[in-house]
Amino acid sequence: MILIAPMVVAMKDEWRLYIVLLLLLLCGDQIYAKIYLVSAGVADYSGYPYPINSLRLTAADAKTMAYLYSKNGDTEYFLLLNDDATRRNIINSIEKMFSKAGENDIVVFFFSGHGFPGGLCAYDGDLEYAQIRRTMAKSKCKNKMMFIDACRSGSLREQPSVSSSNAMIDAKNANVMLLLSSRTDENSIERYDMKNGYFTNYLYKGLRGNADANRDRIITAKELFDFVHLGVSKISGGRQHPVMWGKFNDGMPVMIW
């Protein structure tokens, strides 16, 4: 009996090791997924073609998201603030950064600033949502997402005003998940005693780990939406409701720690 007990323990340890290795092999693509981020924020709109009021926390929102992702083990990112967040710079950054991603990696475009029905207000003018999706469609990555913190950002779900039929087809095939800060008829709220707007605040908390309901260190699209929607709706007193839209799976990983 004295000799058999250590053998039993050793066999159990070997089985545990085998199971762990098997799980790593099965889930390896997700566990070691690399993240590619383009984070843009415009607070100063002095370069806009017509008068538009400047904002207070939007550049800080973009910095917060870049900081969060930089703490992940394997992330590359571009940070575009104010006069660097032009239409050309945003599109070129998305194309350059996301072209590096493999099929099982994660690509993220974050924007905080003004918006309009069907698009975003870059520093130097209007940037149509369809153009962003068309650019993201070039990436072979299957985990694509946009986080948009802009008033009435829910209007991005409306039909884009792109005349080219090929552009429309490319945009629809982009398979991009959109997590938008507010409904079509709602403002995205920021408060003077906070460092970030309501949406970015809860997006940051959720991606940092608070949205990880089952504690598996993989935050899914549904987990993130449930957390952000509940938090923003509550802190705004029901005045702001994030929405999610696009062609994606609820279990799509949006952050892996």
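For the structure, see preceding data.
Rules used throughout
Residues numbered from 1 in each chain as written. Predicted model: local features only at pLDDT ≥ 70, side-chain atom pairs only at ≥ 80, totals over all residues. Heavy atoms only, no water. Helix = DSSP H or I, 4+ residues; strand = E, 2+ residues; numbered from the N terminus. Buried < 20%, exposed > 50% of the residue type's maximum accessible area, 1.4 Å probe, protein only. Contact = heavy atoms within 4.5 Å. Areas by Shrake-Rupley, 256 points an atom, 1.4 Å probe, with all protein chains shown as cover. Pairing = 2+ DSSP bridges. Axes fitted to C-alpha atoms, helices over the stretch in contact; angles between N-to-C directions. Core = buried A, V, L, I, M, F, W, Y, C linked by side-chain atoms within 4.5 Å. Salt bridge = Lys/Arg side-chain N within 4 Å of Asp/Glu carboxyl O. Polar contact = N/O pair within 3.5 Å; in protein donor to acceptor, adjacent residues only side chain to side chain.

A. Region of the structure containing the overall build of the protein chain. Of regular secondary structure, the protein chain possesses seven helices and 11 strands. Looking at the protein chain residue by residue over its 257 residues, the buried ones come to 49%. Across the protein chain, the fraction of contacts at a sequence separation of at least 24, relative to all contacts at a separation of at least 6, is 77%. Of the roughly 13000 Å² of accessible surface on the protein chain, 54% is carried by carbon and sulfur atoms.

B. Summary view of the sheet that holds strand 8 (residues 176-180). One open sheet holds the six strands; their spatial order is 2-1-3-7-8-10, and the pairing between them is mixed. Bordering the open sheet on either side are strand 2 (75-81) and strand 10 (243-246), each of which pairs with just one other strand. Sheet twist, expressed as the mean angle between neighbouring strand axes with direction ignored, is 15 degrees. As defined by bridge partners, strand 1 (residues 35-41) adjoins strand 3 (residues 106-112) across seven bridges and the pair is classed as parallel. Pairing of tyrosine 36 across the sheet is with valine 107, part of strand 3. Its contacts with the sheet place helix 2 (residues 58-70) against strand 1, strand 2, strand 3 and strand 7 (143-149), and it is angled at close to 165 degrees to strand 1. Each of strand 1, strand 2 and strand 3 is contacted by helix 3 (residues 87-98), which is oriented at about 170 degrees to strand 1, the strand it contacts most.

C. Local environment of the nonpolar core. Counting residues in hydrophobic clusters, the biggest one holds 36 residues, and the most contacted among them are Tyr69, Phe147, Leu203, Leu207, Leu224 and Val254. A per-element tally of this core places helix 6 (residues 198-210) first, with six residues. Those residues in contact with leucine 207, other than ones at most four positions away along the chain, are Met65, Leu68, Tyr69, Phe147, Ile219, Leu224, Val254, Met255 and Trp257. Counting 34 residues, the second-largest nonpolar core is a separate cluster that includes Leu80, Ala85, Leu178 and Val243.

D. Seen up close, the pattern of salt bridges. Scanning the entire structure with this criterion turns up seven salt bridges. When the shortest N-O distance is used, the salt bridge between aspartate 124 and arginine 87 registers 3.5 Å. Here the residue aspartate 124 occupies a position in the loop between strand 5 (119-122) and strand 6 (125-128), and arginine 87 occupies one in helix 3, the gap between them amounting to 37 residues. Take arginine 87: its relative accessible area is 35%, and that puts it in the partly exposed class. Close ionic contact of aspartate 193 with arginine 191 constitutes a salt bridge, the shortest N to O distance being 2.7 Å. The class of arginine 191 is partly exposed, set by a relative accessible area of 35%.

E. Examining the side chain of serine 139 more closely. Structurally, serine 139 is set in the loop between helix 4 (129-136) and strand 7. Looking at serine 139, its side chain comes within polar contact range of the main-chain nitrogen of cysteine 141, at 3.2 Å. Ignoring sequence-local partners within four residues, the contact set of serine 139 consists of Phe98, Ala101, Val107 and Lys144.

Just distances and angles here, no functional claims.
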